[in-house]
Amino acid sequence: MAATDFNPARRGTKYSVSGTEKSFEFAEVAMTLSSHPQESLRYGDSIYLVVAGSEANSLKLITSYISSPIHLIVTLDDHAYGEDANPIPDLHMAAFCVLAPNKSQAQDELTKFHDRLGGRKKLTPEEDNHLFLLKKDVENELKENKSEQKRLIGKEIVYGNYFQLLHHYSGKYLGVSDSQTSVVDRSSLKVTLFDTNGDHVQFKITPKYKVSNIGDKIRIEDQIVLENVKAQQYLHISTSQIRNSFYGINPDSYEVNASAINSAFSIYSHIRLEHEIVSSQLQNIRGGSVLRLYHLQVQCYVVAAGSCGFDDEQITTSVITDDVHLRTRQIKFGDLKPPSTSAITYWQIELARCPLSGDELKYDEPCRLKHLLTQRYLSIVRDGDQFIMKLMKLSDDKLGVHTCFSFKPFINEGKEFIEFESYARIYHCYTHTWFKASDVVYESDYVATGPLAMSGFRWDNATCFNTLVETSKGYHDAFTLEQVDDDLLSNLHYSMGYLPVIRNYLLSYNIEVKTSTVMERSLQNLADWMFDVSDNKDRKKRQKLLRNLGTIELMMEIQNRFKEIPQDMRTGINYERRKNTTKKVYKVIEAYLKGDSRKNENYTAKFIPIFESHFDLNINAEATLIELVRDNKAIIAQFSENFHKVTEDLFGKLAATKNFEIFYYFGVMCVANKNPIQENQIVLAKQLLVPAVQNSIFIMKLDDPASDTPKLLATSPLYPEGYKLLSDYVSVKDQNINRPTFHYLRAQLDFFSNLCQGNNEKAIRTLQQKFPFEVVFSGLTDELTHPLIRVKFAQLINTMFIDVGANRAVLENLTLTFIYEDCVENPGEEEQGASNIALSGVENIYFPRMRDWFKEFFSNLVIYGHEEYTHSNQLIAAVLDMLLLFVKFGYYDDHEDADVLLNLLINILNGKKDRYFPRDGKSKDLPPAYAYFRKKGRYDNTKANAPIFDVKVKCLQVFELFMNFRFYKRLQRLLFLYRVVKREMRFAGDTRQLLNITESPEETLNSHLAQLHNPSYVITQHDNMTRKANEHLAGGILGFATYMFENTIGPDSFVNILLDLTQYDNLELVTTALRLLNNQYTVENNLFEKAIQTQVLINENSIDLFKSTDRVLPEFRRLLKASLTNVDSCSRLIELLTNFVEACELPNDRTEAHPQNQKILYNFGILEDVMTLLEKTQDDHTTLVTSSVVGMTSDDGPTRLAKIACILLCRLARDNDIVQQRLYNRLEILTNEKLFDCAPQELASLLTQLFTGAQDIVMNVKADDIRLICSLMRQRDTLQLEDIPPIIEILKAITKVEEIDLPLHFNQVHIMNNFMPIKPKQIDNFLGTEDGKSARRMELLNCENPVGEDSILLNLMLSTYDLMASLCEGENLHHESVCQSMITQEELLEILNNKKLPFDRKYQFASFFNWVYLNTHKTSSSYDGTSVDDDPAFWEFLENTNDILAAMITYLDRTSTEQASDIRKTIRNQGDVSIKSASSDPNDKSSMVFIGVFDFGLINYLMKGILPI
């Protein structure tokens, strides 16, 4: 319908207009504010408590929406619907669920117990057991209450009954406080909301008038009186308004309190008999339901950004920062990733006929969609000749029609009510238009702005699109109506409940004692709430709400106003109150930044100048900035520009203020995501040599270095009292770890550890001069020192004395390539020398000392699960980290040392030996808490168990390394026997003497292989013959780790311990245990599978590559961990990758793969390393794009690395099906948009190579794989048009199996379905039969020397038509009909008969002509039905083709063998090569075709266009 035909009274709609606009039904139904009148009230019903308003369409409802317990107050608010609408912000704010009274005796006992403790955390064993029993009683009581509520649901309530009112919005019970008085009326008690059950939240319901009696049924709209059971007071409405902005509520509201005078309330129905506590999750959408609108076709959510109630001129935060638009969030088919948890996607349903009703929503029923964050309604209004979708206040919609929508079924299944997760179109009832998705990019305000270096720093890379409103219904414009989970709504309600409090504090900036003190407590509650969950994912859901709601802006406005306080006013009690509030704000922001959410960090980066202005004020600004910078490379890069000067200033501040946060700041600047930033480390290491810095650090020494048990002395920079025992500063008995001394030493050691990370030799040498091994080792082993400090000493030993020099993880990266001559009988023994020399030949003089201490430390070690032992368990995990490094580096190559170690670790691994806390041993009966821990508690994912899980995971990693080592030695032994049998087959006697056995070599090998290949074979002490054969294969290794590999029976066997670990509630622990179980039972099969992959080198060139790669691999992997923003690191990585690329090619022909060298690099694990590098380059490319790193641009660093890495993977995948399959398994990573933006051409070549010659992969491509590839063409700022043809080549590679000439219909269909909607707009300019498009095609084809945009469009057009031809191959009728509308047969023949056009611009159309018009599903006919045979141009085409073939035959007859070889090379290279004419006769047709440069387009023209015809 055209805009000029707009008619609000249009017929054909169910809800039409009759008469004038004011009689529009939607305006009338808004006066119906109650549903289900005169029906009886039942348990489980959801109701409103209402006092009649002054107008017919106005109601006064009891509401509550403040989350801060201190500010919480229950009020009576006036809400109206109609012309002067003032709707309730959220229906849940006024809705209460009617429940039967719950039991609360156990909860009361637990509360009394906590009151007796008085906040004391350390409990005696008796108190701990008593607390455990109380918690179990509470748990049982809750189960009983839930069962009783379920039993009573639907039971009618009569006057005189008791009930509880559960507030939907907060999840708390309405009750009366016996310790607080009313805000307005001090003679009354305060009514508030409670978390717990009890008689203080129970009410007796009586009638207001004597018309009804006790025992009568209560009906909807009855007027009732509520009497609190405990207080014996009635719910009452205050006679005066609150008029106090402190509480963050509307000052015109009335307070609900408890008084001897009652007030009457009417019951209005919200939902009948439904509630999440007593019923299953609702399947149908209702009034008040909150949902997300997800457009499945373009994979976008309908969103808006902003926050409610901030349109005050004194606050800079606006209500709507981004009006309604679409935000992409791609979801893979079959992906388990949950829907969006962002609050910007939340929309609440309001029924148009009754806004307060919670009835089920029907298809075609008018409703309103309210955006919960902005409290605005989705609307469509007319703007000239167009319709615009925007957010609108309900009061601005005078007639109530612009905000009314209805849902139309996408698939008509005959259902009356709308279910969650169903598909529907969105229809605007008044304008008769449809809500659609536009392809126009929405210019969002998501890019942070501000007067700082981080302005323009993009925190959200999601692409956004405009909304589209049209009168025609679109086939693909269906929305998924996703349900928002209850826990997400609960989080939103709680966080929104703090906004009014913060807003009102900001507006008044009140400095009264009560206001400041209460505000601090409220902010602390908000900070604690974000970490009141153990799961990191749940924590992120809460953190992001502060960003969605604009809470961060409000709090930063408080910080900014504190910053603007004049210097002369920064004294006195008023200033201190503001300062304390500012400090709590920083605590909240720090809690918001904790974790791994880059969005939160990048969003907050615009406030860095405010943070910096608050340094040295002791208000936690430093800690907040540290949390912001931690592991964020982009922000670190910003600070690295003037890092040298900043470092000098900060060390000066450290000397003056002794602020330990500066150490933490230095630490986060040294390491990001476990990757060292060497340039920053070097700058900081130089500063440590400055004499003035020595006064700012703990200096340590030994009291008697010659003693066997020297004591560690230290002098503190905080209290320069001379040297005293370190344990005097940080004693193990010290329960207060928040003392300045403790924090200062811990921060210093943490900084030193980060300074040396990544094998930074300069930093290591500097620190070793100040802190030698004996000093650091003494700090680790001192049992009188606090465990958390010992943890830092352990980390310092890792980076200063273990992971140093040429050490490399030989057991973690075992290669399957061996030099033939190096295969020996007992592998590993030739590397063994002194006890301090690793398998790699590197010496560590500290290993013997550490090995002995490990034995001492792990002997008789018991793990305790009580919270009191959390720090001790963290120390065990830190020690295991040290052990892991020694094992990885190959220092435990002695079988006896390994056996002793593993037998100690098996006790730590065995969870059955864990204890809850130490027992005195007097009682034989286990305490309840102790027994529960052993039976079930040790499996639970609790805060106290987290370090225990970490300990067991690290133990398993040690075992896994030894299993790999054992497997590796067995494999080498097998190769040695192969070598012996092969060489000495003719000398059986010498062989027997060599092996010291009586059998022949063939018998020995066959006997062993037979035993080894039997998975059920178990070695016994009595089977000496088999044991001897196995020992020969293992080279004596069977005596190594015998407990792990032979003790497989019994409750404490290794297998049963692993099975027990699979019951733990920790994903990493379970997966690691299962992996070891799998290795335990598949070791024999794996041996032979790996033997097939094993490569034995004889050729000298291959041996040279093996040795050179083995030599540079440690450096290569160390550089992978370093920051790619370092110029030297990037240059060296590029050099190494280039060498690997050259190795994958034959020296004399770079177009051919070198299979042996490919396998060498693959067996070294280069493929995984390069994939890791590609993931890393994406982040560092973003860092360089958004930052300014001195001496480097994005093209010089990560971008160039990404390109060369893609080239290397392409070379590894060439004619290598194993590599192709491994890359295909990582397709999701390879199709990342960031990676494609770094290296578009190279990545496209890699993906094309991945499918080239890979028959199995191409035939098993999934629909989602095709979608991933097509998604690379998705419109975005960084996509260039010239990058589209390579993507089309990838798609073309999977349309058919070239080796057997088999078109794949499944692939063709999904390519067509995904390519057409997402293709660039420029393709539409030449894809069609219209005159303008035809002219544009011919213009591009006839362009002699296309440059710039014409050249790009020409390549794009040719690639598109070539792809379309491939999609029609195999007689696909639907595709043929689609493609025949892209270009006519006549124009195709005109192009093919044009002798001036080069062949490389014609072969695509020749192929298109063949598969679309000739070799078709039915007959050879054009789009308009004309037969091809009747067209004279077709016969001209055949005549021209005949001339070309004749010329080709003549030329080939005269071609020498050398020239034929050049032609083959040309075809293989797919390029041009200069070839002399076979004839010197200028009149010869063959010379006319082939004189000069050999045209590869001609070969394609013949092979793809002519010969198939």
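Being a predicted model, the structure only gives us computed values, none of them experimental.

Once that is clear, we can look at the overall build of the protein chain. When its secondary structure is counted, the protein chain shows 55 helices and 35 strands. A sequence separation of at least 24 residues applies to 73% of the contacts in the protein chain between residues at least 6 apart. Counting only carbon and sulfur atoms, one obtains 49% of the accessible surface of the protein chain, whose full area is about 64800 Å².

With that out of the way, let us pick up the sheet that holds strand β28 (residues 712-715). If you walk across this open sheet you meet the 3 strands as β27-β28-β29, and the pairing is antiparallel. Of all the strands in the sheet, the pair left with one neighbour each is β27 (699-702) and β29 (724-725). The pairing of β27 with β28 spans 4 bridges and is antiparallel. Residue pairing across strands places K701 opposite L713, the latter belonging to β28. With respect to the sheet, helix α20 (residues 773-781) is in contact with β27 and β28, its orientation differing from that of β27 by roughly 90°.

Attention now goes to unusual backbone geometry. Despite not being glycine, Q299 has its phi angle at roughly 55°, a positive value. Within the element layout of this structure, Q299 appears in the loop between β13 (290-295) and β14 (300-306). Residue classification places Q299 among the buried residues on the basis of a relative accessible area of 12%. Phi is positive for N620, close to 75°, though the residue is something other than glycine.

Before going further, it helps to spend a moment on the pattern of salt bridges. This model, assessed by the stated rule, comprises 57 salt bridges. Between R1222 and E1168 there is a salt bridge, with the nearest N and O atoms lying 2.4 Å from each other. A residue pair is termed long-range when its members are at least 10 positions apart, and R1222 in helix α38 (residues 1217-1225) and E1168 in helix α36 (residues 1166-1186) qualify at 54 residues. The class for R1222 is partly exposed, based on a relative accessible area of 29%. By relative accessible area, which is 31% here, E1168 ends up partly exposed. What you see here is one network of salt bridges that share partners, running through E590, K594, E627 and R630.

Confidence in the prediction for the protein chain averages 80 pLDDT; 83% of positions are at 70 or higher. Across the protein chain, the element-wise mean pLDDT spans from 38 in helix α1 (residues 25-29) up to 95 in helix α21 (residues 787-802). Per-residue pLDDT stays below 50 along residues 1032-1043; that stretch engages in 46 contacts with residues further than four places along the chain or on separate chains.

In terms of nonpolar packing, the biggest core is built from 235 residues, with M700, F854, F858, L883 and L905 touching the most fellow members. With residues near it in sequence (within four places) discarded, L905 still touches F858, L880, L883, C955, V958 and F959. Listed in part, the 121 residues of the second largest apolar core include A1143, M1273, L1354 and L1498.

Here we take up the environment of I1207. You can see I1207 is positioned in helix α37 (residues 1198-1213). Taking the C-alpha atoms as reference, I1207 lies 9.0 Å from T1138; in sequence the two are 69 residues apart.

This next bit is on the packing of aromatic side chains. Within this structure, the stated rule accounts for 49 aromatic pairs. Between the aromatic rings of F132 and Y932, the centroid separation amounts to 5.0 Å while the plane-to-plane angle is 45°, which identifies the pairing as tilted. In this pair, F132 is assigned in helix α3 (residues 125-152) and Y932 in helix α25 (residues 928-935), connecting sequence segments 800 residues apart. Assessed through its relative accessible area of 26%, Y932 is described here as partly exposed. Their ring planes at 35° and their centres at 5.2 Å tell us that F1106 and F1164 sit as a pair that is tilted. Of this pair, F1106 sits in helix α33 (residues 1100-1121) while F1164 sits in the loop between α35 (1155-1163) and α36, placing them 58 residues apart in sequence. Judged on exposure class, the residue F1106 and its partner F1164 are both buried. The ring centre of Y729 lies 4.6 Å from the NZ or CZ of K724, which sits over that ring.

The next thing to look at is the pairing of strand β5 (residues 162-167). For β5, the buried fraction is high: 5 of the 6 residues fall into the buried class. With 4 bridges connecting them, strand β4 (residues 96-99) and β5 associate as antiparallel partners. Bridge pairing in β5 places F96 opposite H167.

Turning our attention to the packing of α20 against helix α22 (residues 847-858). Relative to each other, α20 and α22 sit at 5°, their axes nearing to 13 Å. The angle between the axes of α20 and α22 places the two elements in the roughly parallel class. Taking contact as the criterion, the partners of F773, E774, F777, L780 and T781 in α20 are, on α22, R849, M850 and W853. Split by residue class, the contact of α20 with α22 holds 5 nonpolar, 1 polar and 2 charged.

A word on a nonpolar patch on the surface. On the surface, M1259, I1300 and L1302 cluster together into a nonpolar patch covering about 250 Å² of accessible area. Assignment of secondary structure puts M1259 in helix α42 (residues 1255-1259). Taking relative accessible area as the criterion, M1259 reaches 41% and is therefore assigned partly exposed.

In a regular helix each residue adds 1.5 Å, so 21 residues correspond to 30 Å; helix α48 (residues 1348-1368) covers 31 Å between its end C-alpha atoms and thus fits that length. Phi for G1370, located one or two positions after α48, is positive at around 100°.

Time to look at the side chain of N873. Tracing the backbone through its elements, the reader meets N873 in helix α23 (residues 870-888). Classification of N873 as buried rests on a relative accessible area of 2%. Aside from chain neighbours lying at most four places away, what touches N873 is I863, Y864, P947, I948 and V951.

With that out of the way, let us pick up the packing of α22 against helix α24 (residues 895-909). Following both chains from N to C, one finds α22 and α24 inclined at 30°, their axes separated by 10 Å at the closest point. The orientation of α22 with respect to α24, classified from their angle, is roughly parallel. Judged by the twist between their axes, the crossing of α22 over α24 is left-handed. Listed contacts from α24 to R851, K855 and F858 of α22 are D897, V900, L901, L904, L905 and I908. For the contact of α22 with α24, a count of residues per class yields 6 nonpolar, no polar and 3 charged.

Mapped onto the secondary structure, R598 falls in helix α10 (residues 598-604). Remark: the alpha-carbon pair of R598 and W459, spanning 139 residues in sequence, is separated by 7.7 Å. The contacts of R598, once residues within four sequence positions are left out, are R630, D631, N632 and N673. Looking at R598, its side chain comes within polar contact range of the side chain of N673, at 3.4 Å.

Further remarks concern the side chain of N754. For N754, the position within the fold is in helix α18 (residues 740-756). Apart from residues lying up to four places away in sequence, N754 is in contact with G667, C670, V671 and Q681.

In terms of residue burial, strand β8 (residues 202-207) counts as a mostly covered element, since 5 of its 6 residues are buried. Bridge count for β5 against β8 is 3 bridges, and the pairing is antiparallel. In the sheet register, Q164 faces β8, and the bridge partner there is Q202.

Put plainly, two cysteines are in a disulfide when a covalent bond ties their sulfur atoms together. Tallying each qualifying case throughout the model produces 0 disulfides. You can see C1379 has no disulfide; the closest cysteine sulfur is in C1368, sitting 3.4 Å from it. The class for C1379 is buried, based on a relative accessible area of 0%.

Here we take up the environment of R547. Summarising the element assignment, R547 is placed in helix α7 (residues 536-548). When the C-alpha atoms of R547 and K599 are compared, they prove to be 9.2 Å apart, with 52 residues separating the residues in sequence. What R547 contacts, discounting residues up to four positions off in sequence, is W459, I552, Y592, K599, N600 and Y603. At 2.4 Å, the side chain of R547 and the side chain of N600 are in polar contact.

Calculation rules
Residues numbered from 1 in each chain as written. Predicted model: local features only at pLDDT ≥ 70, side-chain atom pairs only at ≥ 80, totals over all residues. Heavy atoms only, no water. Helix = DSSP H or I, 4+ residues; strand = E, 2+ residues; numbered from the N terminus. Contact = heavy atoms within 4.5 Å. Areas by Shrake-Rupley, 256 points an atom, 1.4 Å probe, with all protein chains shown as cover. Pairing = 2+ DSSP bridges. Axes fitted to C-alpha atoms, helices over the stretch in contact; angles between N-to-C directions. Buried < 20%, exposed > 50% of the residue type's maximum accessible area, 1.4 Å probe, protein only. Salt bridge = Lys/Arg side-chain N within 4 Å of Asp/Glu carboxyl O. pLDDT = per-residue confidence, 0-100. Core = buried A, V, L, I, M, F, W, Y, C linked by side-chain atoms within 4.5 Å. Phe/Tyr/Trp six-rings, centres within 6.5 Å; stacked < 30°, edge-to-face > 60°. Lys NZ or Arg CZ within 6 Å of the ring centre and 35° of its normal. Parallel < 35°, antiparallel > 145°, perpendicular 65-115°, else oblique. Nonpolar A, V, L, I, M, F, W, Y, C, P; charged D, E, K, R; others polar. Patch = residues over 30% accessible without salt bridge, like charges linked within 9 Å, V, L, I, M, F, W, Y side chains within 5 Å. Expected span 1.5 Å × (residues − 1). Left-handed = near helix turned anticlockwise from the far one by under 90°. Polar contact = N/O pair within 3.5 Å; in protein donor to acceptor, adjacent residues only side chain to side chain. Disulfide = S-S within 2.5 Å.

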